[in-house]
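A look at the structure
Residue-level listing of the chains:
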Amino acid sequence: MNLGAAEEESSSAQEIHIPADINWEMLDKSKFFVLGAALFSGVSGALYPAVLMKTRQQVCHSQGSCIRTAFTLVRHEGLRGLYRGFGTSLTGTIPARALYMTALEVTKSNVGSAAVTLGLTDAKASAVANAVGGLTAAMAAQLVWTPVDVVSQRLMVQGSSGLVNASRCNYANGFDAFRKIVKADGAKGLYRGFGISILTYAPSNAVWWASYSVAQRMVWGGIGCYVCKKDDESNGSNNAMKPDSKTVMAVQGVSAAIAGSVSALITMPLDTIKTRLQVLDGEDSGKRGPSIGQTVRNLVREGGWTACYRGLGPRCASMSMSATTMITTYEFLKRLSAKNHDGF
């Protein structure tokens, strides 16, 4: 799943003036991080059940309905089962988000300035800055997110039936899982799947930013054409349109949802392989994890290449909802944290 969106200037037959983006230098850093931790903790809590369902489906022998999996989980474990491992995930997510946001904004600011200096237009400089910022932020955050994923995902699947070579350890809580993983595999056990995580999230960010940029341009273009046509039908006037903050957020949310679905579809096989590497034990040893090749062979043997897309529904839903809420929340956070903020 990723944060941030550049509010690009758009134009059509009807001129639309979009509020300018708020860069790193314009932010009150203390307010930015404190409010960010609170806002994104709430967002993570709302989306966590979908992430848990996706994870369980990815490590099961056979593909089952997401709804059936959810009902079975709630029937056996209650509603608390939908939040298994959430405390661990939240504890790691806060510093990971802080690292992500810092890397994103600092990179966007520096790369954007450098790109303009090199002679790129503002539109191209913004696109390059956002793409590089997203990729840099995703890779930096994986230093924290990978250990959190390894621990929280093991807690997510614990007690579930029908898992493939699931870890045989029973964990009392996140700290117990952390201790047992380090005892069995050393510190490197916490970074199982780190390489494939980078390979998953780097292209995911690239696809997300590209899809988001195209989708946002198309949505704004559609709005401009609609307003222009409406004006022509009324009195032929062609006044500039200045959308309010709610309209801007709505366009960002729709564009983010489209980008999230496209990104989920394209990168799903890598995410399935990554999840299995982080959660499952090898066939010959309870301590050593499976290789990438072994994981792919197991998936194909279980259900053909379509097995790589297990959990696609929950992941599409999770990434679309996450992208929408993260983008709107992030832009709202930036406006709240802007120096000399006078209101949203």
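In every chain, residue numbers begin from 1 and rise along the written sequence. Per-residue local features of the predicted model are confined to residues with pLDDT of at least 70, and side-chain atom pairs are confined, for both listing and counting, to 80 or more; whole-chain, interface and lining totals are unaffected and use all residues. The side-chain values count all of the structure's non-hydrogen atoms but skip hydrogen atoms and water molecules.

Here the focus is the pattern of salt bridges. When a carboxyl oxygen of Asp or Glu is within 4 Å of a side-chain nitrogen of Lys or Arg, the pair counts as a salt bridge. The tally for this structure, following the rule as stated, stands at 12 salt bridges. Between Glu105 and Lys334 there is a salt bridge, and its shortest N-O distance comes to 3.5 Å. You can see Glu105 sitting in helix H3 (residues 86-117) and its partner Lys334 sitting in helix H9 (residues 312-337), a full 229 residues away along the chain. A relative accessible area of 0% means that Lys334 is categorised as buried. Taken together, the shared-partner salt bridges in this structure form one network comprising Lys54, Asp271 and Arg315. Counting from the N terminus, the helices are DSSP H or I runs at least four residues long and the strands are E runs at least two residues long. Exposure categories follow from relative accessible area, calculated using a 1.4 Å probe and restricted to protein chains: below 20% of the type maximum is buried, above 50% is exposed, and the middle band is partly exposed.

A separate point is the side chain of Ser89. Relative to the assigned elements, Ser89 resides in helix H3. In what follows, a contact means two residues having at least one pair of non-hydrogen atoms within 4.5 Å. Contact partners of Ser89, with chain neighbours within four places excluded, come to Tyr48, Val148 and Ser152.

Before going further, it helps to spend a moment on the UniProt feature "transmembrane region" (unreviewed entry) in the protein. UniProt positions are given in the numbering used here, feature names are shortened, and annotations may be inferred rather than shown by experiment. Mapped onto this structure's residue numbering, the UniProt feature "transmembrane region" (unreviewed entry) falls at residues 32-52, 189-210 and 249-268. The straight-line gap between the two end C-alpha atoms of residues 32-52 is 29 Å; of that span, 100% is helix and 0% is strand. Helix makes up 100% of residues 249-268 and strand makes up 0%, while its end C-alpha atoms are separated by 27 Å.

Side-chain rings of Phe, Tyr and Trp (the six-membered ring for Trp) are treated as a pair once their centres are within 6.5 Å; stacked means planes under 30 degrees apart, edge-to-face means over 60, and tilted covers the remaining angles. Under the definition given, this model contains 7 aromatic pairs. Measuring from centroid to centroid gives 5.9 Å for Tyr48 and Tyr83, while their planes differ by 15°, and the two rings are stacked. Here Tyr83 lies in the loop between helix H2 (66-77) and H3 and Tyr48 lies in helix H1 (residues 29-58), a separation of 35 residues in the sequence. The class for Tyr83 is partly exposed, based on a relative accessible area of 35%. Ring plane angle 85° and centroid distance 5.5 Å describe the contact between Tyr83 and Phe86, whose orientation is recorded as edge-to-face. With a relative accessible area of 18%, Phe86 lands in the buried category. In this structure an aromatic cluster arises from ring pairing among Phe32, Phe33 and Tyr330.

Okay, a nonpolar patch on the surface next. Residues form patches when they are more than 30% accessible in relative terms and have no salt bridge. Like charges link within 9 Å. Nonpolar side chains (Val, Leu, Ile, Met, Phe, Trp, Tyr) link within 5 Å. Computed with the Shrake-Rupley method and a 1.4 Å probe, the accessible areas treat only the protein chains shown as cover for residues. The grouping of Val254, Ile258, Val262, Leu265, Ile266 and Tyr309 at the surface amounts to a nonpolar patch, some 480 Å² of accessible area in total. Checked against the element boundaries, Val254 lands in helix H7 (residues 245-279).

Moving on, we come to the packing of H7 against helix H8 (residues 292-303). Axes are the key here: two packed helices are described by the angle between their axes and the distance separating the axes. For the pair H7 and H8, interaxial distance at closest approach is 10 Å and the crossing angle is 110°. Comparing their axes, H8 and H7 come out roughly perpendicular. Between H7 and H8 the crossing geometry is right-handed. Of H8, the residues touching H7 (which contributes Thr272, Ile273, Arg276 and Leu277) are Ile292, Thr295, Val296, Leu299 and Glu302. Classes in brief: Ala, Val, Leu, Ile, Met, Phe, Trp, Tyr, Cys and Pro nonpolar; Asp, Glu, Lys and Arg charged; the others, Gly included, polar. Across the contact of H7 with H8, the residue classes tally to 5 nonpolar, 2 polar and 2 charged. Orientation is described by lines fitted to C-alpha atoms, with helices fitted over the stretch in contact, and by angles between N-to-C directions that extend from 0 to 180 degrees. Working rule for angles: under 35 degrees goes down as roughly parallel, over 145 as roughly antiparallel, 65 to 115 as roughly perpendicular, anything else as oblique. Two helices crossing with the near one rotated counterclockwise from the far one by less than a right angle form a left-handed crossing, whereas a clockwise rotation gives a right-handed crossing.

Take the environment of Ala250 next. Considering the arrangement of structural elements, one finds Ala250 in helix H7. For the pair Ala250 and Thr324, spaced 74 residues apart in sequence, the C-alpha separation works out to 9.1 Å.

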